[in-house]
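Report on the structure
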Amino acid sequence: MHITNGSLKFIAAMFLAIFTAYAGYAQECGYIYVSPTGAGSGVAGTRDTPADLNYGLSLVDAQNSHLRIAHGDYTLSQSLLLSDGITLEGGFRATDWVKTNSDNTVFNRTTDNYDQVNAALTGIHCENISAFSIRDITINVEDAPGNGVSVYGIYVNGCTQYTISRCIVNTGAGSDGSTGTPGANGMSGANGTDGNTG
């Protein structure tokens, strides 16, 4: 079989295109890299092109479920809903992705989009899931809005086989309860006694 120079160029170009596409969309050994200034779409989640936090969470699948989260502040305008098997690990330096305690990975939960049905303002929500991990993250939650709203830094319910390690959780105050309704009218008083003779 004779292979021409043009055929070799075509094969090389096809190989390069396939390799680039794979390298661009595949995560690195199951890790998804996240930074405060990461990309919110497209090819992201790698060391060279980290994702932002929300986009990084959207990239999680069965093979890629470990988020390495760089130092810095992350604003949460809604609760982070975790899934089975996920790991959120903070404490990484974005320049070289070395783990260090020289700075902090901080999630700041605002009062936006709180759970009005359950009257709760939550930073991270974990319910009926297993085998997840949260490590080396500071979680700050603001004071609750409205009336009768509770505050949770990390809400865990019905979960198994999980690890929460080296986290700092600072929560604001829950909000006051609603004003009660007026009480019923009191009973009539007894008749007074006769007056003294003048």
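Before reading further, recall that the structure is shown in the block above.
Residues numbered from 1 in each chain as written. Predicted model: local features only at pLDDT ≥ 70, side-chain atom pairs only at ≥ 80, totals over all residues. Heavy atoms only, no water.

**Details of the overall build of the protein chain**
Put simply, the rule reads: Counting from the N terminus, the helices are the DSSP runs of H or I reaching at least four residues and the strands are the DSSP runs of E reaching at least two. Burial classification: accessible surface area is computed with a 1.4 Å probe over protein chains only, and a residue below 20% of its type maximum counts as buried, one above 50% as exposed, and the rest as partly exposed. Note on contacts: a residue pair qualifies if any of its non-hydrogen atoms lie within 4.5 Å across the two residues. For the area figures, the Shrake-Rupley method with a 1.4 Å probe applies, and any residue is considered shielded solely by the protein chains shown.
Summing up its helical and strand segments, the protein chain has 2 helices and 12 strands in all. When its helices and strands are written in sequence order, the protein chain yields α-β-α-β-β-β-β-β-β-β-β-β-β-β. Here the protein chain, with 198 residues, has 35% of them falling under the buried criterion. Of the contacts formed within the protein chain by residues at least 6 apart in sequence, a portion of 64% connects residues at least 24 apart. Surface exposure of the protein chain reaches about 12,200 Å², of which carbon and sulfur atoms provide 50%.

**Overview of the sheet that holds strand E9 (residues 138–141)**
Put simply, the rule reads: Should DSSP find at least two bridges between two strands, the strands are regarded as paired. What counts as an axis is a line fitted to C-alpha atoms, over the stretch in contact for a helix, and the angles between N-to-C directions run from 0 to 180 degrees.
Strand order in the open sheet formed by 4 strands is E3-E6-E9-E12, and the pairing between neighbours is parallel. Edge positions in the open sheet fall to strand E3 (72–76) and strand E12 (168–171), since each of these has one partner strand only. Each strand axis lies, on average, 15° off the axis of its neighbour in the sheet, ignoring direction.

**Let's talk about the side chain of Asp136**
Selection rule: Definition of a polar contact: a pair of N or O atoms within 3.5 Å, with one able to donate and the other able to accept a hydrogen when the atoms are protein atoms, and with sequence-neighbouring residues admitted only if both atoms are side-chain atoms.
Position of Asp136 among the secondary structure elements: in the loop between strand E8 (133–135) and E9. A distance of 2.7 Å separates a polar atom in the side chain of Asp136 from a polar atom in the side chain of Lys99. Setting aside its immediate chain neighbours within four residues, Asp136 contacts Gly90, Gly91, Lys99, Thr105, Ser165, Arg166 and Cys167.

**Quick notes on the sheet that holds strand E4 (residues 80–81)**
One open sheet holds the 3 strands; their spatial order is E4-E7-E10, and the pairing between them is parallel. Here the strands that pair on one side only, and so sit at the sheet edges, are E4 and strand E10 (150–157). Two strands pair when backbone bridges link them, and E4 and strand E7 (residues 120–127) are joined in this way by 2 bridges, in the parallel orientation. Its bridge partner lying in E7, Leu81 is registered against His125.

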